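Breakdown of the fold
Here are the chains, one letter per residue:
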Amino acid sequence: MDVILGYILTLPALIVVGWLVSWWGSPRVRRIVLGAGAAVSVLCVLAVRQSAAPPAQTPRPPGCSAALACVGDLRPGFVALGGVIGLVCCVVLLLLTIGVEAMLSWRGRTRPGSC
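Residues numbered from 1 in each chain as written. Predicted model: local features only at pLDDT ≥ 70, side-chain atom pairs only at ≥ 80, totals over all residues. Heavy atoms only, no water.

Looking only at helices and strands, the protein has three helices and zero strands in total. Written out in order from the N terminus, the α and β elements of the protein read α-α-α. The long-range fraction of contacts in the protein, counting pairs at least 24 apart against all pairs at least 6 apart in sequence, stands at 80%. Accessible surface, the protein as shown: approximately 8,400 Å² in total, 72% of it carbon and sulfur. (Helix = DSSP H or I, 4+ residues; strand = E, 2+ residues; numbered from the N terminus. Contact = heavy atoms within 4.5 Å. Areas by Shrake-Rupley, 256 points an atom, 1.4 Å probe, with all protein chains shown as cover.)

Right, here's the structure in full:
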């Protein structure tokens, strides 16, 4: 189970950590981090989709009754799921960034004594 969580949560965790660290930089850095995270997420999904071969029409081994028990390797699916979660994470963080930057900009303009 730990390996599965590692495949699924690594990319979203890196995106969130990069986004949090990017607040010490300029707004451009935040846009670059979110854009790079979204691009890597899409590439994960596309790479898995391109590498997926049609299922082989070989007979199942004896004693293989459950559908998932006979599937060879599920790691590509977990990588694709991590990419989808990473993309959703990027969209949520982008909306949060837009909201926070708009609020900071609005507070800066309405501060008493500012020109």
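For the rest of this paragraph, the subject is the packing of aromatic side chains. Going through the model one piece at a time under the given rule, you end up with one aromatic pair. Taken together, a centroid distance of 5.6 Å and an interplanar angle of 90 degrees make the contact between W19 and W23 edge-to-face. Residue class for W23 comes out partly exposed when judged on its relative accessible area of 26%. Residue placement shows R30 over the ring face of W23; its charged tip is 3.9 Å from the ring centre. (Phe/Tyr/Trp six-rings, centres within 6.5 Å; stacked < 30°, edge-to-face > 60°. Buried < 20%, exposed > 50% of the residue type's maximum accessible area, 1.4 Å probe, protein only. Lys NZ or Arg CZ within 6 Å of the ring centre and 35° of its normal.)

Before going further, it helps to spend a moment on helix α3 (residues 75-109). Counted at 1.5 Å a residue, the expected span for α3 with its 35 residues is 51 Å, and the 50 Å between its end C-alpha atoms agrees. Here α3 has its buried residues at A80, G82, G83, G86, C89, C90, L93 and T97. (Expected span 1.5 Å × (residues − 1).)

This part takes up the nonpolar core. Counting eight residues, the largest nonpolar core consists of L11, I15, W19, L34, C44, C89, C90 and L93. For this core, the secondary structure elements donating two or more residues are α1 (2-22), α2 (27-51) and α3. When residues no more than four places from it in sequence are discounted, the contact partners of C89 are P12, I15 and V16. (Core = buried A, V, L, I, M, F, W, Y, C linked by side-chain atoms within 4.5 Å.)

Our focus in this paragraph is α2. Over its 25 residues, α2 extends 36 Å from the first C-alpha to the last, a length consistent with the 36 Å expected when each residue adds 1.5 Å. Here α2 has its buried residues at R30, L34, G37, S41, C44 and V48.

Another point: the confidence of the model for the protein. Averaged over every residue, the pLDDT of the protein is 81; the share at 70 or more is 74%. Mean pLDDT across the elements of the protein bottoms out in α1 (87) and peaks in α3 (90). (pLDDT = per-residue confidence, 0-100.)

Quick look at the packing of α2 against α3 now. It is at 8 Å that the axes of α2 and α3 come closest, and there the two elements cross at 160 degrees. The angle between α2 and α3 falls in the class roughly antiparallel. Where α2 crosses over α3, the two elements pack in a sense that is left-handed. On the side of α2, the interface is formed by P27, R30, L34, G37, A38, S41, V42, C44, V45 and V48, while α3 contributes P76, V79, A80, G83, V84, G86, L87, C90, L93, L94, T97 and E101. Looking at side-chain class alone, the contact of α2 with α3 contains 15 nonpolar, five polar and two charged residues. (Axes fitted to C-alpha atoms, helices over the stretch in contact; angles between N-to-C directions. Parallel < 35°, antiparallel > 145°, perpendicular 65-115°, else oblique. Left-handed = near helix turned anticlockwise from the far one by under 90°. Nonpolar A, V, L, I, M, F, W, Y, C, P; charged D, E, K, R; others polar.)

Here S41 lies in helix α2. Here S41 is in contact with L11, I15, G83, G86 and L87, once residues within four sequence places are set aside.

Further remarks concern a nonpolar patch on the surface. On the surface, L81, V84, I85, V88 and V92 cluster together into a nonpolar patch covering about 390 Å² of accessible area. Assignment of secondary structure puts I85 in helix α3. (Patch = residues over 30% accessible without salt bridge, like charges linked within 9 Å, V, L, I, M, F, W, Y side chains within 5 Å. Salt bridge = Lys/Arg side-chain N within 4 Å of Asp/Glu carboxyl O.)

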